[in-house]
Amino acid sequence: MIRFVTSRLLQHGRQLWRQNNRRLVHTKIAENSRKRRGNSARTDQVIRYQEPFQRYGFSRFVVHARKLLLDNVGVKVAGNPTSDIRTQMVKKLFYSDTGPMVAFVGIAAAAEGATLLQDAELEETCWKIRETVEKFRPSWDEAEISIGDTPIGLDDLQIGAPIAKGCSAVVHAAALKRNAGPSHTYPLALKIMFNYDVQSNALAIVRAMFRETVPARYRALEVAGFWQHLADQATLLPPHPNVVSMLGVFCAQMPNLEGARTLYPSALPPRLHESGFGRNMSLFLLMRRYHCSLRDFLDTQAGRTTTRWALLLFAQLLEAVAHLNRYGVAHRDLKSDNILIDIGTDGTPGLVVADFGCCVADKRNGLRVPYPTAEVDKGGNTALMAPEIITQNPGTFATLDYTKADLWTSGAIAYEIFGAENPFYSHNVKSYSYNDGDLPVLTDDVPLIVRKLIGNLLQRNPKKRLSADVAANVMQLFLWAPSTWLRSTGMAPTHPEILQWLLCLTSKVLYENAMDSKGQRGAQFTEYFLISSFLVRASLRRIEKAILWIRRTVAEEHLEDIKV
């Protein structure tokens, strides 16, 4: 009994001592910040605003937290912010909902004045960064057109001319009738699936075409619990800036639309066309409308895509693959036709992955699909099918491992992004028989680290490839990290230094993008979404692994140059 009481006293006493020390750290940081900015008139006003709350514990902490974010984090990131930005931040911090802001301030305080010695505590700080950015991302990721919470059907849409057509679907321009104006603009796209085999029943159609709805945000079907039943068996992909924004899914009768009788007559039912083979009902996917496909964008550029744009496109592609991999989804049909481009007001291309009809989203098997017979579908484009998939033979215990298959395909598409011909579309290189040395060398316009990363992704042995998260981290580090981290000489960054860098990125995103975007894709919009995608999955262990891979790769290249 005495031992129990003694241990309890020691445990609670240690916790009280830590809390008291943390309070002293926060108070000291706040006092130092006040001294550094004591001559500022605006800061004096903020201090006077705080005085009535000094007597109360929690309110005092909240006020100190807000001031810490304003004085410490903002100065770290922005240097000397203009008076307009600081005025907006004061209003945002003191006169709006600042819950996530206040939660984030503790992170900044810890990085500024506290000593975090344990890796577990550093990882906990990363978790807080992820949580903070995730709370702010929904307001940035809203489409310019909101469909609301009401189920959408064909009667709610104004459907325009066809935009694109494939072997299994057609896409028409669309707009909500309640938002349609006299200019006849169509900010949405309606994808109509061709239904030749499935009976005209909503349940049967959704079961047969469920993979198309994996990235959907809202699903309309008047059967209680049906979507939940399917969701228990398959993965539903959360929204992501680099995944197509699918706003709604519903089943309806095939309509007689403009150009349908000439563009896709065989997909129409006999009631609409005498030579049609389609069923009366099909699946409709309502999406945001994008400017063009990646292939069309690259054709328009005609090899003149700037290195900066190419780096941003490749980084976004890897972020999309990392998001899919994180939630146990494999696309299996990545190609430039299935990647869409949205061009911002400053001309910077934003990239999203679309067309999930061939994807794997199985909660039971994950990314390792049993392959007992050759009748199991391996996926879409065979030219860009990973070697471990296309060469796998069926067997009793055989599996198709898609863990790094999309990553391999991304490496092949990178050739197109950086202005070269995709080697696997030629007659010389085949995914089932090539050797690592058969791949063509990219030009010197492509940075060394990026060339090495593409080569790593295209290795035949999947065990030698980086994971999706680490590969995406390599691109993010190349774009935003201090250049000294990417050199083979000198000391590698410590965990506190990596954490400080993450804090700078986080505060930059919270400051500038949250205030200036207003739902519009303005200047640097793509960059901020790219950084936010990185921060919501930030992990010190995986970031450190990416840094070590970069430094080792640069060192090996340096040794080869010396030998030559």
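Residues numbered from 1 in each chain as written. Predicted model: local features only at pLDDT ≥ 70, side-chain atom pairs only at ≥ 80, totals over all residues. Heavy atoms only, no water.

In the nomenclature of an unreviewed UniProt entry, the protein corresponds to non-specific serine/threonine protein kinase from the organism Nyssomyia neivai.

How should I be thinking about the packing of helix H11 (residues 307-326) against helix H15 (residues 468-480) in this particular structure?
Two measures define how a pair of helices packs: the angle their axes make with one another and the distance between the axes. Their axes nearest at 8 Å, the elements H11 and H15 cross at an angle of 150°. With respect to H15, the axis of H11 lies roughly antiparallel. The way H11 lies across H15 gives a crossing that is left-handed. Between H11, through Leu-311, Leu-312, Phe-314, Ala-315, Leu-318, Glu-319, Val-321, Ala-322 and Asn-325, and H15, the contact on the second element is made entirely by Ala-468, Asp-469, Ala-471, Ala-472, Met-475, Gln-476, Phe-478, Leu-479 and Trp-480. (Axes fitted to C-alpha atoms, helices over the stretch in contact; angles between N-to-C directions. Helix = DSSP H or I, 4+ residues; strand = E, 2+ residues; numbered from the N terminus. Parallel < 35°, antiparallel > 145°, perpendicular 65-115°, else oblique. Left-handed = near helix turned anticlockwise from the far one by under 90°. Contact = heavy atoms within 4.5 Å.)

What exactly am I supposed to notice about the nonpolar core here?
A general trend in soluble globular proteins is that nonpolar side chains are found buried together. Formed by 119 residues in total, the largest nonpolar core has its most connected members in Phe-314, Phe-418, Leu-453, Leu-477 and Leu-502. Here this core gathers at least three residues from each of two domains, domain 1 (154-289) and domain 2 (294-480). Those residues in contact with Phe-418, other than ones at most four positions away along the chain, are Ala-310, Leu-311, Phe-314, Val-446, Val-450 and Ile-454. By size, the runner-up hydrophobic cluster in this structure holds 22 residues, among which are Val-170, Leu-188, Leu-257 and Leu-268. (Core = buried A, V, L, I, M, F, W, Y, C linked by side-chain atoms within 4.5 Å. Buried < 20%, exposed > 50% of the residue type's maximum accessible area, 1.4 Å probe, protein only. Domains from an automatic or database assignment.)

When you look at H15 in this model, what are you seeing that I'm missing?
The α-helix winds at 3.6 residues per turn, so residues separated by three or four positions along the chain end up facing the same way. Along its 13 residues, H15 runs 18 Å from first to last C-alpha, staying within 8% of the 18 Å computed at 1.5 Å per residue. With respect to burial, H15 is a largely interior element, 10 of its 13 residues being buried. (Expected span 1.5 Å × (residues − 1).)

Could you clarify how one ought to interpret the confidence of the model for the protein in this entry?
Detailed conclusions should not be drawn from predicted coordinates in areas where pLDDT is low. Overall, the predicted model of the protein reaches an average pLDDT of 78, with 70% of residues at or above 70. For the stretch residues 109-117, pLDDT sits under 50, and the model shows 17 contacts to residues farther than four places along the chain or on other chains. (pLDDT = per-residue confidence, 0-100.)

What's the story with the sheet that holds strand S6 (residues 292-293) in this structure? I'm lost.
By way of backbone hydrogen bonds, the strands of a sheet pair with one another, either parallel or antiparallel. Pairing is antiparallel across the open sheet formed by three strands, whose spatial order is S6-S7-S8. If you trace the sheet from one side to the other, it starts and ends with S6 and strand S8 (349-353), each paired once. Judged from the two bridges that link them, S6 and strand S7 (residues 339-343) form a sheet pairing that is antiparallel. Within the sheet, the bridge partner assigned to Ser-293 lies in S7 and is Leu-340. (Pairing = 2+ DSSP bridges.)

What am I meant to see in helix H10 (residues 294-301) here?
For H10, the full list of buried residues reads Leu-294, Phe-297, Leu-298 and Gln-301. All buried residues of H10 lie within an arc of 95° about the axis, which places them on one face of the element. For H10, the exposed residues set more than 90 degrees away from the buried face come down to Asp-299 and Thr-300. Among the residues trailing H10, Ala-302 stands out with phi positive, at a value near 55°. (Arc of directions from axis to C-beta.)

Is there a simple way to explain the pairing of S8 in this structure?
When a strand is regular, its side chains alternate between the sheet's two faces. Buried residues dominate S8, accounting for five of its five residues. The two faces of S8 match: Pro-349, Leu-351 and Val-353 on one face and Gly-350 and Val-352 on the other face are all buried. Where S7 meets S8, five bridges bridge the pair, whose relative direction is antiparallel. Paired with Ile-343 across the bridge in S8 is Pro-349. Adjacent in sequence and paired antiparallel, S7 and S8 are bridged by five residues, among which Gly-347 carries a positive phi angle near 90°.

What exactly am I supposed to notice about the state of the cysteines here?
Here, the word disulfide means a covalent bond between the sulfur atoms of two cysteines. Per the counting criterion, the structure on display carries zero disulfides. Free of any disulfide, Cys-359 has its nearest neighbouring cysteine sulfur in Cys-358, separated by 8.3 Å. On the basis of relative accessible area, Cys-359 is assigned to the buried category, the value being 1%. (Disulfide = S-S within 2.5 Å.)

Would you explain the packing of aromatic side chains in this entry?
The geometry of two aromatic rings is summed up by the distance between their centres and the angle between their planes. Following the criterion strictly, the structure yields 10 aromatic pairs and no others. Consider the rings of Trp-485 and Trp-501, whose centres lie 5.4 Å apart with planes at 70°: the pair is edge-to-face. Residue Trp-485 is found in the loop between H15 and helix H16 (495-516), and its partner Trp-501 is found in helix H16; the two are separated by 16 residues along the sequence. For Trp-501, a relative accessible area of 8% translates into the label buried. The rings of Phe-194, Tyr-196 and Tyr-264 are connected pair by pair, giving a single aromatic cluster. Lying across the ring of Tyr-434, Arg-460 places its NZ or CZ 5.2 Å from the centre. (Phe/Tyr/Trp six-rings, centres within 6.5 Å; stacked < 30°, edge-to-face > 60°. Lys NZ or Arg CZ within 6 Å of the ring centre and 35° of its normal.)

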